[in-house]
Structure formats: C-alpha cells, structure tokens
Amino acid sequence: MRHSRPLTFEGEATAEIAGEFFDLEAGQATWAPAGVPHRFFNRGQGVMRIYWVYGGREVTRTITATGETFEHLSTHDRGGALTT
C-alpha cells in the first residue's frame, strides 16, 4: 500500500487524517495511508513548511470535495504553493 509521510520542517501544523487531528511542530512527522483523506493546516503565525516522502514514484492526489484525481506535480495539481 502506498502512503505519504509528511515531515514538518518549519512552523506549527495541524494534520487531519481520517477525521482525527494531530498537532505537529518542526521536526515531527506523521503518516497518512493511501486512500485516507488527509490535510494540513498552518496553526502558527509564521510560515509552515512540510517535506513529503512518498511510498512510490507514481503519486496522485484526489480532491475529496470533487472526487478529482490527478498526478502529483502535474498542471492540474492544486496542492502546491500559490504564486503571485
């Protein structure tokens, strides 16, 4: 089973994984199994940076609200940083 393991590099995060909430600080990690809805919130005042480690080379994202699935880092990937 593929999964992702995000590591908080900077700031303070709250992870919601399968409806449970976990507070994370710089240097802490969590695990999100494939197919389980998960998201991360910046709960601090500063920048939050997360480093993702995936369990395979073929990674997709599925937007829970719409059911859309697309390849990670593709032109349809909406999970990246916003630019101005």
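Every value quoted in this text rests on a predicted model; they were computed, and no experiment measured them.

## Here's the deal with the overall build of the protein chain
Then, in step 1: A count of helices and strands for the protein chain gives zero helices and eight strands.
Then, in step 2: Taking all contacts inside the protein chain whose residues are at least 6 apart in sequence as the whole, residues at least 24 apart take part in 45%.
Then, in step 3: A total of about 6300 Å² of accessible surface is found on the protein chain, and carbon and sulfur atoms cover 52% of it.

## Digging into the side chain of Thr 14
Then, in step 1: Positionally, Thr 14 belongs in strand 2 (residues 12-17).
Then, in step 2: Residue Thr 14 is classed as buried on the basis of its relative accessible area, which comes to 11%.
Then, in step 3: Among the polar contacts listed, one links the side chain of Thr 14 to the side chain of Asp 23, at a separation of 2.9 Å.

## What to know about the environment of Phe 9
Then, in step 1: On the secondary structure map, Phe 9 appears in strand 1 (residues 3-10).
Then, in step 2: Sequence separation between Phe 9 and Trp 52 is 43 residues, and the spatial gap between their C-alpha atoms is 10.0 Å.
Then, in step 3: Sequence-distant contacts of Phe 9, defined by excluding residues within four places in its chain, comprise Ala 26, Arg 49, Ile 50 and Tyr 51.

## What about the sheet that holds strand 5 (residues 38-42)?
Then, in step 1: The three strands are arranged 3-2-5 in an open sheet whose pairing can be described as antiparallel. The open sheet is flanked by strand 3 (20-25) and strand 5, the only strands paired with a single partner. In this sheet, adjacent strand axes meet at a mean angle of 25° when their direction is disregarded.

## A closer look at the confidence of the model for the protein chain
Then, in step 1: Residue-level pLDDT values for the protein chain average 80, and 85% of them are 70 or greater.
Then, in step 2: The weakest mean pLDDT in the protein chain belongs to strand 1 at 70; the strongest belongs to strand 3 at 93.

## Side note on unusual backbone geometry
Then, in step 1: Residue Ala 18 is not a glycine yet carries a positive backbone phi of 55°.
Then, in step 2: Summarising the element assignment, Ala 18 is placed in the loop between strand 2 and strand 3.
Then, in step 3: Positive phi, normally seen in glycine, also occurs at Leu 73, with a value near 70°.
Then, in step 4: Residue Leu 73 is classed as exposed on the basis of its relative accessible area of 71%.

## A look at the pairing of strand 3
Then, in step 1: One ladder, built from six bridges, connects strand 2 with strand 3; its direction is antiparallel. Residue Glu 12 lies in a different strand from strand 3, and its bridge partner there is Glu 25.
Then, in step 2: Taken together, strand 2 and the strand that follows it, strand 3, pair antiparallel across an intervening segment of two residues, in which Ala 18 is found at a positive phi of about 55°.

Criteria and thresholds
- Residues numbered from 1 in each chain as written.
- Predicted model: local features only at pLDDT ≥ 70, side-chain atom pairs only at ≥ 80, totals over all residues.
- Heavy atoms only, no water.
- Helix = DSSP H or I, 4+ residues; strand = E, 2+ residues; numbered from the N terminus.
- Contact = heavy atoms within 4.5 Å.
- Areas by Shrake-Rupley, 256 points an atom, 1.4 Å probe, with all protein chains shown as cover.
- Buried < 20%, exposed > 50% of the residue type's maximum accessible area, 1.4 Å probe, protein only.
- Polar contact = N/O pair within 3.5 Å; in protein donor to acceptor, adjacent residues only side chain to side chain.
- Pairing = 2+ DSSP bridges.
- Axes fitted to C-alpha atoms, helices over the stretch in contact; angles between N-to-C directions.
- pLDDT = per-residue confidence, 0-100.

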